[in-house]
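Examination of the molecular architecture
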Amino acid sequence: MEVVFLGTGTSGGVPMVGCESPVCLSENPKDKRLRSSVLIRTQGKTLAIDCSPDFRQQMLRENVKRLDAILFTHAHKDHTAGLDDVRGFNYVMKKAIPLYMNQETFDSIRKHYDYIFNGNDYPGIPQVDIKIIDNAPFMAEGIPVTPIEVMHYRLKVFAYRIEDFTYITDANFISKQEMEKIKGSRVVVINALRKEPHVSHYNLKQAIEVIQELKPQQAYLTHISHQLGFHDEVNKELPNGIELAYDGLKFNV
């Protein structure tokens, strides 16, 4: 299974609009972060987890010609605002794109993308096939997926495990029961917003503690803000087996 980091930034991206912090002004490509998402290729299928506001740019950068499904973690715009750009895949693949999400996420998407769902069938609107899931294993276009319910302050968010890979974004609490679903993963990706505490995201220290409890072979940190610091400097401080992800990073599981 191949995993590609489409974006590794927080909701404002890095650099953030109008910001002149040293990290936002950095010329290191690894300090330039689009909004968080990953692409997974396995068993002849290509799946995305979330479609950020940078979805079109990310698909073009990675030369993605086929997209079999999108799995949504939650409804926040930095994870859903690229939905309109599935139209390109509709045109090329001549089919609707399956979208997997819980009912709460769909209720929000239906409201904010009402033109897709109001029944008018206006020419050129995105063609999507809604698949409502709950906190139980399911098949996404033939690929077994285990959702993991995590908390993003008071919002329930889905992390996903596919084979030996688990992707966790926008979380600051995982129950013991849900942690058991993750254990045994060879690779874990988890959000680490910054070094200071945050109300709805793990900070760096907390993310490392979760990783050390899970004991994967390799872990990557994502959903990173400019407040965390320079990529190269923070990476040097991390324990063995834990690295900062960066946009375009690819690995096999």
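Up top is the structure.
Residues numbered from 1 in each chain as written. Predicted model: local features only at pLDDT ≥ 70, side-chain atom pairs only at ≥ 80, totals over all residues. Heavy atoms only, no water.

With that settled, the discussion passes to the overall build of the protein chain. In terms of helices and strands, the protein chain carries 8 helices and 14 strands. For 253 residues, the compact-globule estimate of 2.2 N^0.38 gives 18 Å, and the protein chain sits close to it at 17 Å. Expressed as lengths along the three principal axes of its C-alpha atoms, the size of the protein chain is roughly 55 × 40 × 35 Å. Within the protein chain, counting contacts between residues at least 6 apart in sequence, those at least 24 apart form 64% of the total. A total accessible area of about 11500 Å² is found for the protein chain, and carbon and sulfur atoms account for 49% of it. (Helix = DSSP H or I, 4+ residues; strand = E, 2+ residues; numbered from the N terminus. Rg over C-alpha atoms; globule rule 2.2 N^0.38 Å. Contact = heavy atoms within 4.5 Å. Areas by Shrake-Rupley, 256 points an atom, 1.4 Å probe, with all protein chains shown as cover.)

Turning our eyes to something else, we now look at the sheet that holds strand E14 (residues 250-252). Across a sheet, paired strands are connected by hydrogen bonds in the backbone, their directions being either parallel or antiparallel. Here we have 7 strands laid out as an open sheet, ordered E6-E5-E4-E3-E2-E1-E14, and mixed in their pairing. Looking at strand neighbours, the two that pair on one side only are strand E6 (128-132) and E14, the edges of this open sheet. Looking at each pair of strands side by side, their axes are set apart by 20 degrees on average, direction ignored. In terms of strand pairing, strand E5 (residues 97-101) meets E6 through 5 bridges, oriented parallel. Pairing of Ile 97 across the sheet is with Val 128, part of E6. On top of the sheet, helix H4 (residues 103-112) reaches E5 and E6; it is set at about 125 degrees to E5, its chief contact. (Pairing = 2+ DSSP bridges. Axes fitted to C-alpha atoms, helices over the stretch in contact; angles between N-to-C directions.)

The subject of this paragraph is the sheet that holds strand E8 (residues 143-152). Pairing within the open sheet is mixed, and its 7 strands lie in the order E7-E8-E9-E10-E11-E12-E13. At either end of the open sheet lies a strand with only one pairing partner, and these are strand E7 (138-140) and strand E13 (242-244). For this sheet, the mean inter-axis angle between neighbouring strands, taken without regard to orientation, is 30 degrees. Pairing of E7 with E8 involves 3 bridges; the strand directions are antiparallel. Directly across from Phe 138, in E8, lies its bridge partner Val 145.

The next subject is the packing of aromatic side chains. Evaluation of the coordinates by the stated rule reveals 10 aromatic pairs. Arranged with centres 6.0 Å apart and planes meeting at 45 degrees, the rings of Phe 5 and Phe 251 form a pair that is tilted. Residue Phe 5 is located in strand E1 (residues 2-7), and its partner Phe 251 is located in strand E14; the two are separated by 246 residues in the primary sequence. Comparing Phe 5 with Phe 251 shows no difference in burial state: the two are buried. In textbook terms, an aromatic cluster arises when at least three aromatic residues are bridged by ring pairs, as seen for Phe 5, Phe 165, Tyr 220 and Phe 251. One cation-aromatic arrangement involves Lys 30 over Tyr 246; the distance from NZ or CZ to the ring centre is 4.5 Å. Looking at Lys 94, its charged tip hangs above the ring of Tyr 91, at a distance of 4.5 Å from the centre. (Phe/Tyr/Trp six-rings, centres within 6.5 Å; stacked < 30°, edge-to-face > 60°. Buried < 20%, exposed > 50% of the residue type's maximum accessible area, 1.4 Å probe, protein only. Lys NZ or Arg CZ within 6 Å of the ring centre and 35° of its normal.)

In this section: the side chain of Asp 170. In this fold, Asp 170 is placed in the loop between strand E10 (165-168) and helix H6 (176-182). Looking at Asp 170, its side chain comes within polar contact range of the side chain of His 74, at 3.0 Å. Polar contacts involving the side chain of Asp 170 include one to the side chain of His 152, which spans 3.3 Å. Excluding anything up to four places from it in sequence, Asp 170 contacts His 74, His 76, Asp 78, His 79, Val 150, Met 151, His 152, Val 157, Asn 191, Ser 200, His 201 and His 223. (Polar contact = N/O pair within 3.5 Å; in protein donor to acceptor, adjacent residues only side chain to side chain.)

Remember, this is a structural readout, not a statement about activity or role.
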